[in-house]
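Spelled out, the chains give:
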Amino acid sequence: MSVFPVVLAGSLAVALFLVESGLPLEQSSALLVLGAGLIVFCLERWIPHHRSWLHSKGDLKPDLAYLVGVGGPVSLVVTPLATYLGLLVLDWLSLHFGWDLWPTSWPLIAQLPLALVVAEFPKYWHHRLQHNTDFLWRFHATH
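S.K.: Just give me the short version of the nonpolar core, but keep the residues and values in it.
M.R.: In terms of nonpolar packing, the biggest core is built from 5 residues, these being L12, A15, L16, L32 and L112. Take this core: its biggest share by element is 3 residues, from helix α1 (residues 4-20). Beyond its immediate sequence surroundings of up to four residues, L112 is in contact with L12, A15 and L16.

S.K.: Just give me the short version of the packing of α1 against helix α4 (residues 108-132), but keep the residues and values in it.
M.R.: Relative orientation of the contacting elements α1 and α4 amounts to 125°, with a least axis distance of 10 Å. Between α1 and α4, the angle falls in the class oblique. The hand of the α1/α4 crossing is right-handed. Two secondary-structure elements touch here, α1 through L8, L12, A15, L16 and V19 and α4 through L108, I109, L112, P113 and L116. Residue composition of the contact of α1 with α4, by class: 10 nonpolar, no polar and no charged.

S.K.: Summarise helix α3 (residues 60-97); cite the residues concerned and give the values.
M.R.: Bending of α3 peaks at approximately 45° at the position of L67. Among all positions in α3, only Y66, G71, G72 and L93 are buried. In this fold, the buried residues of α3 make contact with α4 and α5 (134-140). Immediately downstream of α3, the backbone of G98 shows phi near 70°, a positive value.

Criteria and thresholds
- Residues numbered from 1 in each chain as written.
- Predicted model: local features only at pLDDT ≥ 70, side-chain atom pairs only at ≥ 80, totals over all residues.
- Heavy atoms only, no water.
- Core = buried A, V, L, I, M, F, W, Y, C linked by side-chain atoms within 4.5 Å.
- Buried < 20%, exposed > 50% of the residue type's maximum accessible area, 1.4 Å probe, protein only.
- Helix = DSSP H or I, 4+ residues; strand = E, 2+ residues; numbered from the N terminus.
- Contact = heavy atoms within 4.5 Å.
- Axes fitted to C-alpha atoms, helices over the stretch in contact; angles between N-to-C directions.
- Parallel < 35°, antiparallel > 145°, perpendicular 65-115°, else oblique.
- Left-handed = near helix turned anticlockwise from the far one by under 90°.
- Nonpolar A, V, L, I, M, F, W, Y, C, P; charged D, E, K, R; others polar.
- Bend = angle between axes of the 7 residues up to and from the residue.

Next comes the structure, spelled out in structure tokens:
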């Protein structure tokens, strides 16, 4: 059984509530990321996809090294920079071609899943490229 749809639906419901209650977007986002991360962490311990994943294989140190050396900088620097550059390109396309690239007329509850797909799509392909490209695999393999 996959709990991802439940976590996703719960996150969207909480996001809608926080945005409608007037909490600033930055705080709402931080709460959602931390909350969903904590829930997923706990669920991975309670009902893992494979029980064998719960047993230590002595890989805590390499995982921490990856997090500090590669994963953290990518998450904290590269991902926001790529997002910002992508938004600049979309803004430029909107201005020069008159395209309305975001469905602002949709209800917020419909825009939130679309925003999630737009945000997660590059992450998915980046992770997949790390597994399928020799150069990127060298960095990802430590994890």
